[in-house]
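Observations on chain architecture
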Amino acid sequence: MCGIIGYTGSKPAQPFLIEGLKKLEYRGYDSAGIALYSPKDFQIFRAVGPVAELENQLSSSPSTATQGIAHTRWATHGGPSEINAHPHRSGELVLVHNGIIENHIALKEVLSKKGFQFVSQTDSEVLAAWIEHQRAQLSGSHWKNLPLAEKRQIAIQAIKQALEHIEGHYAFVAMFRDLEDHIFGAQMGAPMVIAPTEHGFFVASDLQATLQHSLKAFILPKNSIFWLDSKTSFWNPIHAPKSAPFRPSAYETLEWSAEKVEKDGYETFMLKEIFQQPIVVADSLSGRLPEAETQGFHWDHLKANEVLWKNVKRLYLIACGTSYHAALVAKYFFERWSRLDCHVDIASEFRYRSPVFEPGTVVGVISQSGETADTLAALRLANEAGCSTFSICNVPTSTIARESSFQYPTKAGPEIGVASTKAFTAQLTVLSALALDVARLRGVGQTEAFHALARLPHDLDRVLTHAEKYIQAGKSMAQSRLVLFIGRGPLYPLALEGALKLKELTYVPAEGFAAGELKHGPIAYIDDQVTTIVLAPQDDLYLKTVSNLQEVKARGGKIIAIGTEGDRELAGQCHDFFGLPQ
Ligand code: M6R
């Protein structure tokens, strides 16, 4: 994950670009860089570490340049270093890039034979050189003296030619020397948006970087090439004939506002997002609440697909990471409540298998961003096989949302924290509402579960009032050699999610297990340096989970239990206990 922002207009570009990079920092933060246009030559600055390092470097020499591109990087090809940081320069071209150039080694060999030299280990530098090579061939030695319109034509043609030979999913923006006011780029499977303002145009990999300047944006379609100057912006499908005129960008007005992407006084975005959960759940349920409470969910979105859901034979849910864990939880909902055969798969596995799509199969993909490459590929596979597909996405304009046959959107608002929190809760909310409505359609209404879901925003509010207590438990957990999370039923995927979150955020080794699996191996490494978080609500599997807790206790392990409020017996058996509403 990396972040891109560019600006061309009548105001100084540097402050806009730095501010944009800060908004994008959640996408990658091991290095950052900026290229500013000046008639003499580009001014390029790069720094290892957070955007603040780059900002420091620039603070002594603020630039008046009104055009520039910038990048924040999370290293994939080549380690985090100044040399590998973007922008990358090749001859007359400077470029920043997101995504992967799969055939960069072969291209590098060709270019090396032609005399190109490389300083970084990145595929991005190869991309820059490959485009520059086409440009040089098209313009010969006349580039500097050509009229501007002709230079623009050559730049577009060079990019088109170059992209014909490039394999991968990526996006980039680039500037050419002596081609003032112009930014070029392409969306080849990684998102890119163009946002107009009164003083110029922004281009970025993410709406988060442009929202504070404009509530309008053009989401570039996949496989498109574009250019912009301070007054206008145009695009075309990459395979449009050479003679086809470029199309003006078609802006849409966005639902999200800039305020929604601020921290609102919280120390981090993640903390803010954790505390937003009650409202996010309420928003994700809104419009899905029934007229008469006892009748279950009557969901407008579902009405249009009632016949499909009545006749569905098998449901596949596909996702990655946290979204995959939401799918795993939902399997229990669809099987238990809707009595529907439900299969869950990791997108990066599903897409490379040969899944069998029997008639009556519905495929649902779950993604916060709506841009995860493996999830998108799985969706396309299902679409090509002729399945009905739906998406549960948090970004309604995303590629996954647009390419699915129908959408059940989460309404979590922008999730800036890399570690997914409120989006996960919103996914579970939508999935449970959907499972309940499918249950109703299939004649197996679930009144109790429905009431619990309707109460959820209120219950979440109560849980979050105990934040201080959680902080204390976190501090004592930080000393653990290892943290295990165990649970049964729908709590098993939550154990996986707990472990993922802890690893991702604290680097404390953590594992999630189905509680019944503990004795089949993992129990061997439990001792007094290991903390086990036992998820043990008073459900039908409660006693079984408590007996697994005893196994941990017998090995001297430290136990934190999360159970039903008021469960004194459970509280008495562990070091720390957190009670939740049933
Ligand atoms: O945007 P997506 O939901 O498709 O992203 C999938 C995963 O990368 C994501 O859920 C990731 O595991 C979480 N951000 C981790 O907290």
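Our subject is the structure that appears above.
A few points on the structure. (Residues numbered from 1 in each chain as written. Predicted model: local features only at pLDDT ≥ 70, side-chain atom pairs only at ≥ 80, totals over all residues. Heavy atoms only, no water.)

A few words on the overall build of the protein chain. Summing up its helical and strand segments, the protein chain has 19 helices and 25 strands in all. The C-alpha atoms of the protein chain give 26 Å as radius of gyration, which agrees with the globular expectation for 582 residues (25 Å, within 12%). With the principal axes as the frame, the protein chain shows a C-alpha extent of 85 × 55 × 45 Å. Every one of the 582 residues in the protein chain was classed for burial, and the buried ones make up 56%. Here the analysis covers contacts within the protein chain between residues at least 6 apart in sequence; of these, 68% occur between residues at least 24 apart. When the accessible area of the protein chain is evaluated, it comes to approximately 24,400 Å², of which 53% is carbon and sulfur surface. Between the averaged position of the 55 positive side-chain charges in the protein chain and that of its 62 negative side-chain charges there is a distance of 2 Å. (Helix = DSSP H or I, 4+ residues; strand = E, 2+ residues; numbered from the N terminus. Rg over C-alpha atoms; globule rule 2.2 N^0.38 Å. Buried < 20%, exposed > 50% of the residue type's maximum accessible area, 1.4 Å probe, protein only. Contact = heavy atoms within 4.5 Å. Areas by Shrake-Rupley, 256 points an atom, 1.4 Å probe, with all protein chains shown as cover. Lys, Arg positive; Asp, Glu negative; His and termini not counted. Charge placed at Lys NZ, Arg CZ, Asp CG, Glu CD.)

So, about the sheet that holds strand β5 (residues 88-90). An order of β5-β6-β7-β8-β12-β13-β14 is seen for the 7 strands of this open sheet, with the pairing classed as antiparallel. Strands with a single pairing partner mark the edges of an open sheet, and in this sheet they are β5 and β14 (247-248). Across 2 bridges, strand β13 (residues 233-237) lies against β14 in antiparallel orientation. What sits directly across from Phe234, in β14, is Pro248. Taken strand by strand, helix α4 (residues 123-139) contacts β5, β6 (93-101) and β7 (168-176), and its axis lies near 125 degrees from that of β6. The strands touched by helix α5 (residues 148-164) are β7, β8 (183-188) and β12 (224-228); relative to β8, the strand with the most contacts, the crossing angle is about 25 degrees. (Pairing = 2+ DSSP bridges. Axes fitted to C-alpha atoms, helices over the stretch in contact; angles between N-to-C directions.)

Moving on, we come to the site of the ligand. Near the ligand, the surroundings consist of 13 residues, among which Ser323, Ser367, Ser369, Thr372 and Glu504 are the closest. Measuring from an oxygen atom of the ligand, one finds a backbone N or O atom of Thr322 at 3.1 Å. Taking Val418, its main chain carries an N or O atom lying 2.8 Å from a nitrogen atom of the ligand. Taken by itself the ligand offers 410 Å² of open surface, and the protein chains cover 80% of this. Where the shell around the ligand is concerned, the elements lending two or more residues are α10 (321-336) and α17 (491-506). (Near = heavy atom within 4 Å. Polar contact = N/O pair within 3.5 Å; in protein donor to acceptor, adjacent residues only side chain to side chain.)

The next point concerns the side chain of Thr122. Mapped onto the elements of the fold, Thr122 is located in the loop between α3 (104-113) and α4. The buried category is assigned to Thr122, whose relative accessible area is 2%. Here the side chain of Thr122 touches Ser120 through a polar contact of 2.7 Å, side chain to side chain. Beyond its immediate stretch of four places on either side in the chain, Thr122 contacts Arg73, His77, Asn84 and His88.

A few words on a nonpolar patch on the surface. A surface patch of nonpolar side chains, about 280 Å² in accessible area, is lined by Tyr29, Trp74 and Val418. Considering the arrangement of structural elements, one finds Trp74 in the loop between β4 (67-73) and β5. (Patch = residues over 30% accessible without salt bridge, like charges linked within 9 Å, V, L, I, M, F, W, Y side chains within 5 Å. Salt bridge = Lys/Arg side-chain N within 4 Å of Asp/Glu carboxyl O.)

This paragraph deals with helix α14 (residues 422-441). If you check α14, its first and last C-alpha atoms are 29 Å apart, about what 20 residues at 1.5 Å a residue would give, namely 28 Å. Burial of α14 is extensive: 19 of the 20 residues sit out of reach of the surface. In the segment just after α14, Gly443 is the residue with positive phi, at about 80 degrees. (Expected span 1.5 Å × (residues − 1).)

Moving on, we get to the pattern of salt bridges. The final tally for this structure, using the stated rule, is 16 salt bridges. With a shortest N-O distance of 3.8 Å, Arg177 and Asp41 are connected by a salt bridge. Linking Arg177 in the loop between β7 and β8 with Asp41 in the loop between β2 (31-36) and β3 (43-48), this pair joins segments that are 136 residues apart in sequence. For Asp41, a relative accessible area of 27% translates into the label partly exposed. The residue Glu403 makes a salt bridge to Arg380 at a minimum N-O spacing of 2.7 Å.

The next thing to look at is the pairing of β4. Burial of β4 is extensive: 7 of the 7 residues sit out of reach of the surface. Of the two faces of β4, both are covered, the one formed by Gln67, Ile69, His71 and Arg73 as well as the one formed by Gly68, Ala70 and Thr72. Of the pairings in the sheet, the one linking strand β1 (residues 3-9) to β4 comprises 6 bridges and is antiparallel in character. In the sheet register, Ile4 faces β4, and the bridge partner there is His71. Here β2 pairs with β4 via 6 bridges, running antiparallel.

A separate point is α4. Across its 17 residues, α4 extends 25 Å between first and last C-alpha, which sits within 8% of the 24 Å expected from 1.5 Å per residue. Of the residues flanking the end of α4, it is Gly140, one or two places downstream, whose phi is positive at about 60 degrees.

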